[in-house]
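# Structural characterization, general
Listed here are the chains, written in short residue letters.
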Amino acid sequence: MRDILTGDNAAWLEDVAADPRWRGALEGTDLGAGPSGVAPPESAEQDKQHRVDDLVDAYRELGHLYARINPLGSYMPPNLRYAWITQHGVGRELDPSTYGLDESDMDRVFAAPASFDPPRARLRDIIDRLDRVYAGPMGAEFLHIRNRPMRHWLIGQIESRDQLKPWSAEERRRWQRDLIRAEEFEAFIHSRFTGQKRFSLEGTDVLIPALRYLFTEAGRRSIREIVMGMAHRGRLNVLVNAMKKPASEIFAMFEGHYVPHSYGGSGDVKYHMGQSADFELEDGRKVHISLVANPSHLEAVDPVVQGKARGTQRLRGDATRKKVLPVLIHGDAAFSGQGVVAETFNMSQLRGYRTGGTVHIVVNNQIGFTTASVDSRSTFFATDIAKVMPVPIFHANGDDPDAVMRAMELALRWRQKFGQDVVVDIIGYRRLGHNEADEPSFTHPIMYDIIRNHESVATLFGRHLDETSVYAEPDQEAFRQSYVEELKTARNEARELTDFHGFQALAGDWARVKRGYSFDFPATGVAPELLKGIADQLLEPPDGFRMHPKLSRFVANRRQAFDSGEGIDWAFAESLALGSLLQEGRSVRLSGEDCGRGTFSQRHAVWWDVSSETPRQHTPLVGLAAGTARFSVYDSPLSEFSILGFEYGYSIVQPEILVIWEAQFGDFANGAQVIIDQFIGAGESKWARHSGLVMLLPHAYEGQGPEHSNAYLERYLSLCAEENMQVANLSTPAQYFHALRKQLHQDFRKPLILMTPKSLLRHPEARSSLAELSEGRFETVLDDPSAPKDPDTLVVCSGHVWYDLAERRRTAESAAAAIRLEQIYPFPKDRLDAVLSGYPGIRRYVWLQEEPMNRGAWSYVAPRLAELTGSAWEYAGRPESASPATGSHGRHVEERDRLIASALGLDPERGES
Ligand SMILES: Cc1ncc(C[n+]2csc(CCOP(=O)(O)OP(=O)(O)O)c2C)c(N)n1
Ligand SMILES: [Mg+2]
């Protein structure tokens, strides 16, 4: 600012500064105080106008703190009331007398805010409008939006005369019918299935008309698909009354007729189920709505919804992200408490993860289980976390459908205009306990006294519609009765649904996908001439592109390896595999921390021109994509939970895209443990949702200390059952090449968990030949390429440790053969059996691993290996350890030498050297 306040500009800016409309903008600069730093004298008229402007600003800034947004009136836990007053000094900010305006000014005409029409108005009318739009049953927070045009647009929308127009009678009758449905649905379950958990919506019933209004408005604005996530609260009600799930199916689950095993899988409780349905507009247009299945873990579904929405945008060719809308419905306690909410906001505008803005709805019942808001968060509102972003927040009184719909409308308008997130905080209450068997007044006696005497929104709004002759009470009652009859019929139908499994059949592209796993792997070799074409594309810089000298060397090395037909390393094998898939017309998406270059400088999927002033990049794989295929690679934010969730969500959209997530080091994936446990491991069993997601987890004991050694292989293995995923620890680039290609070439989709190399990326022996890429397929077991004659010891190991073993064996006299278990789950029993049968004279069977005994694959493989040979296997590896690895490099080397020696039968205790 200071730089431009010189010369000619200064005079012009001084003129501007005199204009009252610019006052706020220039506050804090020299101009804010006038040309000489001293404010010019004002006329009495100007002075009054400034006072009016200050009042207008106060409404915009603080109106929401005065708004009548709490249906429980002034009820607030005592300490929260204290916090309110100390933080906000609420009292007289909206009182005209605070600004020196009194009754005699009320009929005087002033310049109105720019959003007003006409531009001048009586003070009384200005205040009246501001009061209604900012301090009525809806409050708005937006001053954290720093972008002025966006903020002004929003102010214009909120203050516009349109906001005061009454809703149409037809619209309001529709909402009332939705409210009646919402209320009767809960009441029906309450009386028929007493004491069973349903997580009643009562107290925030307005969610049902609000959602249906959102779907309708979205459809009118050309949105074709909505991807939605929500928690337990009112989910059954939403499924039936907003998403067309037959009530009979819900009732069948209450009746105990639910038999997911008849389809296969565990199924899930009713309030976690997903659903998809077409929502029809009156003009016949349809909006497809999908509610993503979710686990109990609150907010974990948020990034999954984002990934699914992004994938759907891709599938539908929605380049501007205006046709597919993500909607997330949160609880008030979870919204402020769960960090993944902040992670999801953070990714919302990033190139690789944006979805064009999410409509967030907070179903705010002012409590979380038994915990009061004051113990739940340090912020005043549950929604304050959203203020890290330019996200408008509308608070609406849940007892006032007119206000709630207004907020929904503004939210959608904002999202479609700016592609940014927006929050609608529906403030209601929870009529019952956390669940229906729960007694809420143990902990909140005063609040629950108020709630007991508080009439439902359907009662209040219904009475108002009756009194204003919009919807006569007898007509409302007739509708209520007809809906109850519908529910009764549904209940009777439920009695017939005796073998209800609840899974929605796989449709579209997924219909082709087989459910079961198969060891009949497709051939995944790629002809040498095709590989050459791919390599040429990968290794050729564009014209005039100046490469980093080290990158030039990297490319030259790859070229040399390719031309010699030998020495293809890990990362090169990866590029060739991805390039081949792209050439076949299949898309690839890779994301993770620093994955463009690669944590270990191994990948260089993105090249940077070192000479150009404007950053110029080249991504060689992009040019290989055939047809509609696309290669995308994104350096992700420093988050595991949200990014893995996002990629999982992307992977369930359609089966023909290879979606890969890479951890910086394998152990960091435990920050995403909820996604691994609840979605990746169990999603197919619970919800019949298939995913071919690949997780790359750098893993190897190389003396880097406790945190960079271990990807917690054992955790994945503990989740393995019923062929739910594939877990592998590979030892050659060719194996990696075939594993990646196979992931799209096999006819089923299961997550692939790969332990990936670190030092092996550059190990001169961890190389493959072109011939190995051109022929064959993925092998679950690799036989010993240089087994001694008549071995008496057979070692089975997996991954990196094989190279240590092979090296030691070269210099030691050992009669041990060593084979590699490349895929650990599904356990390749038959293949391993076949390989073992090639070694008839074995006296010692040894499992070798570099991980401590309580980690790695030992616990998983031990009983399986024993079953194969009918004898217990020896263990060669590190002893049990609380920490994943030693922090001392010297100690690491000792441990390594000892475990290799022990596997080969060379350890001192055995009297050998
Ligand atoms: C991550 C996680 N921690 C704890 C729980 C247990 N839990 C279930 S509901 C709930 C309270 C949620 O409060 P809120 O988000 O306000 O939703 P409400 O039930 O009030 O609608 C808790 C703690 C959970 N489901 N998920
Ligand atoms: Mg709550």
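Residues numbered from 1 in each chain as written. Chains lettered and ligands numbered in written order. Predicted model: local features only at pLDDT ≥ 70, side-chain atom pairs only at ≥ 80, totals over all residues. Heavy atoms only, no water.

This part covers the coordination of the magnesium ion (ligand 2). Protein coordination of the magnesium ion (ligand 2) is provided by Asp332 (OD), Asn365 (OD1) and Ile367 (O), with donor distances spanning 2.0 Å. In the primary structure, the donors to the magnesium ion (ligand 2) are separated according to the pattern D-x32-N-x1-I. This pair shows no difference in class: asparagine 365 is buried, exactly as isoleucine 367 is. (Donors = N, O, S within 2.8 Å, 3.2 Å for Na, K, Ca; no water. Buried < 20%, exposed > 50% of the residue type's maximum accessible area, 1.4 Å probe, protein only.)

Our next topic: the packing of aromatic side chains. Tallied over the full model, the rule gives 35 aromatic pairs. Considering the side-chain rings of phenylalanine 199 and tyrosine 271, the 4.9 Å spacing of their centres and the 85° angle between planes classify their relative orientation as edge-to-face. Placement of phenylalanine 199 in the loop between α7 (169-192) and α8 (207-220) and of tyrosine 271 in the loop between α10 (247-255) and β5 (275-280) is noted, with a sequence separation of 72 residues between them. Taking the relative accessible area as the measure of exposure, phenylalanine 199 reaches 6% and is therefore buried. Between phenylalanine 380 and phenylalanine 381 the ring centres are 5.0 Å apart and the planes differ by 90°, which places this aromatic pair in the edge-to-face class. Classification of phenylalanine 380 by relative accessible area gives buried; the value is 8%. Site record: aromatic cluster; members linked through ring pairs are Phe185, Phe188, Phe193, Phe251 and Phe254. Geometry around tyrosine 712 places arginine 715 over its ring, the cationic atom sitting 4.3 Å from the centre. (Phe/Tyr/Trp six-rings, centres within 6.5 Å; stacked < 30°, edge-to-face > 60°. Helix = DSSP H or I, 4+ residues; strand = E, 2+ residues; numbered from the N terminus. Lys NZ or Arg CZ within 6 Å of the ring centre and 35° of its normal.)

Between aspartate 117 and proline 118 the backbone carries a cis peptide bond, its omega angle lying at 10°. Here proline 118 lies in the loop between β1 (109-111) and β2 (120-122). Backbone torsion omega between tyrosine 825 and proline 826 reads -10°, so that peptide bond is classified as cis. Along the chain, proline 826 falls in the loop between β24 (823-825) and α29 (829-836). You will see that lysine 244, though not glycine, has its phi angle at about 60°, which is positive. Mapped onto the elements of the fold, lysine 244 is located in the loop between α9 (235-241) and α10. Judged by its relative accessible area of 52%, lysine 244 is exposed. Look at alanine 688: it is not a glycine, yet its phi comes out positive at around 55°. Its location among the elements puts alanine 688 in the loop between α24 (683-687) and β18 (694-698). Residue alanine 688 is classed as buried on the basis of its relative accessible area of 1%.

Here we come to the confidence of the model for the chain. Residues of the chain with pLDDT of at least 70 account for 93%, and the chain-wide mean is 92. Taken together, the stretch residues 1-37 has pLDDT below 50 and engages in 25 contacts with residues farther than four places along the chain or on a different chain. (pLDDT = per-residue confidence, 0-100. Contact = heavy atoms within 4.5 Å.)

Below, the discussion takes up the packing of helix α5 (residues 123-134) against helix α6 (residues 148-159). Where α5 contacts α6, the two axes come as close as 9 Å, and the packing angle between them is 105°. When the interaxial angle is binned, α5 and α6 end up roughly perpendicular. Contact residues: Arg129, Leu130, Val133 and Tyr134 in α5; Ile155, Ile158 and Glu159 in α6. (Axes fitted to C-alpha atoms, helices over the stretch in contact; angles between N-to-C directions. Parallel < 35°, antiparallel > 145°, perpendicular 65-115°, else oblique.)

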